[in-house]
Amino acid sequence: MRKNTFTLLVGLLLISLYKTNAVNLDEKVTDHFSGSRHTNNWAVLVCTSRFWFNYRHIANALSVYRSVKRLGIPDSQIILMLADDMACNPRNPRPGKVYNNKNEAIDVYGSDVEVDYRGYEVTVENFIRVLTGRLPPDTPRSKRLNTDDRSNVLVYMTGHGGEDFLKFQDAEEIANVELADAFEQMWQRRRYNELLFIIDTCQAVSMFQRFYSPNLVGIASSQIGEDSLSHHVDPAIGVYIIDRYTYHLLEFLEKVKPGSSKTMQQLMKVCPRHQCISTPGYSTHLFPRPMNQTLISDFFGSVRTVDLSDDVIKFKPRKTSQGDSPPLKTSPKRSYFSVDQFVSTFPIIKKDPHPMASSASLVLLLIIFSFIIRSLCDFE
Amino acid sequence: MTNLFVIISCGVLLRTWLLQLKDLTKWISTRPEVSTPQTSWSRLVEGFVISQQTGNIHSGDSYHGSTLLSAFLFHLQALSPLLVPAVFIACDVVAAISLHNFAKKFLQKELDDQNSNKSNLSKGVDSILLKLHYLENVPTLVALIYLFNPFTIVTCISQSSVTFNNLFLALFVAHLIPGSSIATTLFLALSTYETFYPVQLIIVAMLCEHKYQKEGNRNVAKTLFCFIFWLLILFFVSYLREGSLESIFSHYKFILTVPDQTPNIGIFWYFFTEIFNHFQTFFLFVFQINALFFSVPLSVKLRSHPICLMFILTCIISTFKSYPCVGDATLWISMLPLWSHTFKYQRQPLIVTVMLLTTTILCPVMWHMWIVAHSANANFYFAATLAYTTSHIFIMTNTVMAYLKWHFHIRKGIHLNLDGTTEKAVLRLMN
């Protein structure tokens, strides 16, 4: 009887352990497939308008810039493309400052803003070159999108748009097919792991309708046929100061801290129709993970999963077939101070001159000298 | 004599003082007006380093001068680095002395000619005749102008190989008058070996041999053969040194095909930067023929005045060669006083002289505005150098024209009307 109970208890214990293990395994498998596999975060923030009356677009882009920076992406991994003609505009009554709210509480420009492409550098060509990486070799690192296949990229665009196009600085347009092709080029060159594309313009949904590359999420502020509207005027500055969608996006992001567990599904509830007047649109069919399990910090922050271990790992020397690997032969580090020191390590190809050469040239030199002296002497 | 000694010592002192101002020498050596790809000292030094690696001084498109000159300067520098500037100063001094000698002999010969042909001269021309005081002043003036010409000084302190070219040409002219054809042709061969264009001056050597040598000793063909002989010796010695035919002619190839279009004070670079490749060979021929061909008609016209021919050919060479610099001009500028007795017949000498001075100052200004300040472009610089070239042309044509007019007037008289009468013009006023 006791033996039976004992066996039963042990069996139950074993079964419960097994079940726990199974549960752990299930969780592990699910976690593995729903967690993101990115190791670094980048952001490309583009404002495609210039001139004073488009103040709100610059404020949009700068506000998202500030949020993204606050949540952890460093300036070296943010490409900010602005016309940058607001802060020092002669019509700006707050010189050097750009505000996104009429309470003028936050200066989104500040003294530490790093605009990578300013003024007339914000062109369709430069934007596509940044995305695809096909830049001239002398482009500085701050202007390059040095992403790899483990980078999550946030692309935020704002400005004036239309059906199937986005206007760049009153001079040119980017078409939705061009944008889709640019993202495909990025995918083929493994320049992103996952990409979140947010666009706050009129008829914004048309811009992501032609996407066909994997791992893309699109969020747009208005449907085709609708206009994205601006939020409010700052009477002290005299222009509309922020757009509706971005205003509500910022409201949402204010509550997000680094390491937050808010999901993309909550992001997609931002600015419903009664607040935005336009209907936001979403594109998630190219994204493998479910939205309720994708964290916003996968795109807006720079959080990485880190495994801490207390184990001590000893590295043994590598055993090759010839025995132990030989000790590393580091050549002594030499610094060269002039070219000829370095050049002297080249093999010297010397042609042997004719043995009579030096004597012949010496004889010639003597003849010339004698004639010169003779001509000097018969002076007078 | 003492005058000459004072002038020479002042010239030497000036050059030694300027040579030890390292910043000035460094800056002047980089100026395009002074150093060309063919003559620059820094290119020679680079050529030395390259020759130590690859054995051939011409590989690497750096040094484009002749082999023997580079060998001479290399061994000189190996002996002592101080010897090199000393040799450049010595070249200037020897050239000045040779020009002084030449001026003396030339003016003596002209005076003798004039005195022996007194019967041919018309009456009343005494005021414009060559006189003895010219013989005393002009040679010293020639040496003075050569030594203290800013162009010469600048060429000397930048250690450009034009100094050697000027030395050889000065020695060539010094031997022209008595007509020692071996010495003449040796120095002409040396100058031709370094830069190709003085080959035209062999005509001068032959004409001088014909004019100044006594009847019995005259042998014009000997001049030509001596010249070819010396050239062959020079190329043979450089072939012995280099060991390949291609490298001993590579500097000729550089001069004649003009591959390098860095701006200089000449007329080639601007044109060749803008023509289509299709026409490049054609215009290369045109420009080179332009530099060489003037010798033919001029020799025919000036066959009895070979020294004048030498002067104008030197001017043409220094203006139309493929890589000129200001050092090329010093030789004939210093020979201008030889014709001081004919200056009366020059047209607008003041304007032309001021044009030369102004354009000399304008060229570095335009360079600065183009390259440093970015507020001008190549056209500005080329315009300034074109004006400089034009002033050269005006001076040379003026001088030769004046000389020929002088010869005409001493035979026909000073004041002439179109119908040959010698009346003065009478001005009738209304009141």
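Now for a quick tour of the structure. (Residues numbered from 1 in each chain as written. Chains lettered and ligands numbered in written order. Predicted model: local features only at pLDDT ≥ 70, side-chain atom pairs only at ≥ 80, totals over all residues. Heavy atoms only, no water.)

1. Some words on the overall build of chain A
Item 1. When helices and strands are tallied, chain A shows ten helices and 14 strands.
Item 2. Going through the 380 residues of chain A one by one, you find that 46% of them count as buried.
Item 3. Within chain A, contacts between residues separated by at least 24 positions form 73% of all contacts whose residues are at least 6 apart in sequence.
Item 4. When the accessible surface of chain A is totalled, it reaches about 21800 Å², and 57% of it is carbon and sulfur. (Helix = DSSP H or I, 4+ residues; strand = E, 2+ residues; numbered from the N terminus. Buried < 20%, exposed > 50% of the residue type's maximum accessible area, 1.4 Å probe, protein only. Contact = heavy atoms within 4.5 Å. Areas by Shrake-Rupley, 256 points an atom, 1.4 Å probe, with all protein chains shown as cover.)

2. Re the state of the cysteines
Item 1. One pass over the full model with this rule turns up one disulfide over all chains.
Item 2. One disulfide in the model links A:Cys271 with A:Cys276; its S-S distance is 1.6 Å. In this structure the cystine formed by A:Cys271 and A:Cys276 twists about its S-S bond by roughly 105 degrees; its chirality is therefore right-handed. This pair shows no difference in class: A:Cys271 is buried, exactly as A:Cys276 is.
Item 3. Here B:Cys156 is not cross-linked by a disulfide; its sulfur's nearest cysteine counterpart is in B:Cys91, at 8.2 Å.
Item 4. A residue is classified by how much of its surface remains accessible, and B:Cys156, at 1% relative accessible area, is buried. (Disulfide = S-S within 2.5 Å.)

3. Points about the packing of helix α4 (residues 67-79) of chain B against helix α11 (residues 220-242) of chain B
Residues and elements named next belong to chain B.
Item 1. With their axes 9 Å apart at the nearest point, α4 and α11 run at an angle of 60 degrees to one another. With respect to α11, the element α4 is oriented oblique. For the pair formed by α4 and α11, the contact residues are Thr-67, Leu-68, Ala-71 and His-75 on the first element and Leu-234, Val-237, Ser-238, Arg-241 and Glu-242 on the second.
Item 2. In the contact of α4 with α11, the residues fall into four nonpolar, three polar and two charged. (Axes fitted to C-alpha atoms, helices over the stretch in contact; angles between N-to-C directions. Parallel < 35°, antiparallel > 145°, perpendicular 65-115°, else oblique. Nonpolar A, V, L, I, M, F, W, Y, C, P; charged D, E, K, R; others polar.)

4. A short note on a nonpolar patch on the surface
Item 1. The grouping of B:Leu224, B:Phe225, B:Ile228 and B:Leu232 at the surface amounts to a nonpolar patch, some 390 Å² of accessible area in total.
Item 2. Summarising the element assignment, B:Phe225 is placed in helix α11. (Patch = residues over 30% accessible without salt bridge, like charges linked within 9 Å, V, L, I, M, F, W, Y side chains within 5 Å. Salt bridge = Lys/Arg side-chain N within 4 Å of Asp/Glu carboxyl O.)

5. Here's the deal with the interface of chain B and chain A
Item 1. Of the residues lining the interface, 31 residues belong to chain B; the matching set on chain A comes to 26 residues.
Item 2. Summed over both sides, the interface between chain B and chain A buries roughly 2300 Å², with carbon and sulfur atoms accounting for 70% of that surface.
Item 3. The largest per-residue losses of area from chain B upon contact with chain A belong to B:Gln53, B:Leu240 and B:Arg241, which jointly make up 24% of the total buried on that side.
Item 4. Between the two partners, chain B and chain A, sit zero salt bridges.
Item 5. The residue inventory of the side of chain B that touches chain A, partitioned by class, reads 17 nonpolar, ten polar and four charged. (Buried area = accessible area lost by both parts, 1.4 Å probe.)

6. Describing the pattern of salt bridges
All names here are of chain A.
Item 1. Taken as a whole and judged by the stated rule, the model has 16 salt bridges over all chains.
Item 2. A salt bridge links Arg-66 to Asp-112, with the shortest nitrogen-to-oxygen separation between them at 3.0 Å. Residue Arg-66 is located in helix α2 (residues 55-70), and its partner Asp-112 is located in the loop between β2 (78-82) and β3 (117-118); the two are separated by 46 residues in the primary sequence.
Item 3. Asp-75 serves as the salt-bridge partner of Lys-69, at 2.7 Å between the closest nitrogen and oxygen.

7. Structural notes on the pairing of strand β11 (residues 239-243) of chain A
All names here are of chain A.
Item 1. Extensive coverage of β11 is indicated by the burial of four of its five residues.
Item 2. Strand direction decides the pairing type here: strand β10 (residues 230-234) and β11, joined by four bridges, are antiparallel. Opposite Ser-230, over in β11, you have Asp-243 as the bridge partner.
Item 3. Linking β10 to β11, which pair antiparallel, is a turn of four residues; within it Gly-238 sits at a positive phi near 100 degrees. (Pairing = 2+ DSSP bridges.)

Purely geometric stuff here, so don't read any function into it on its own.
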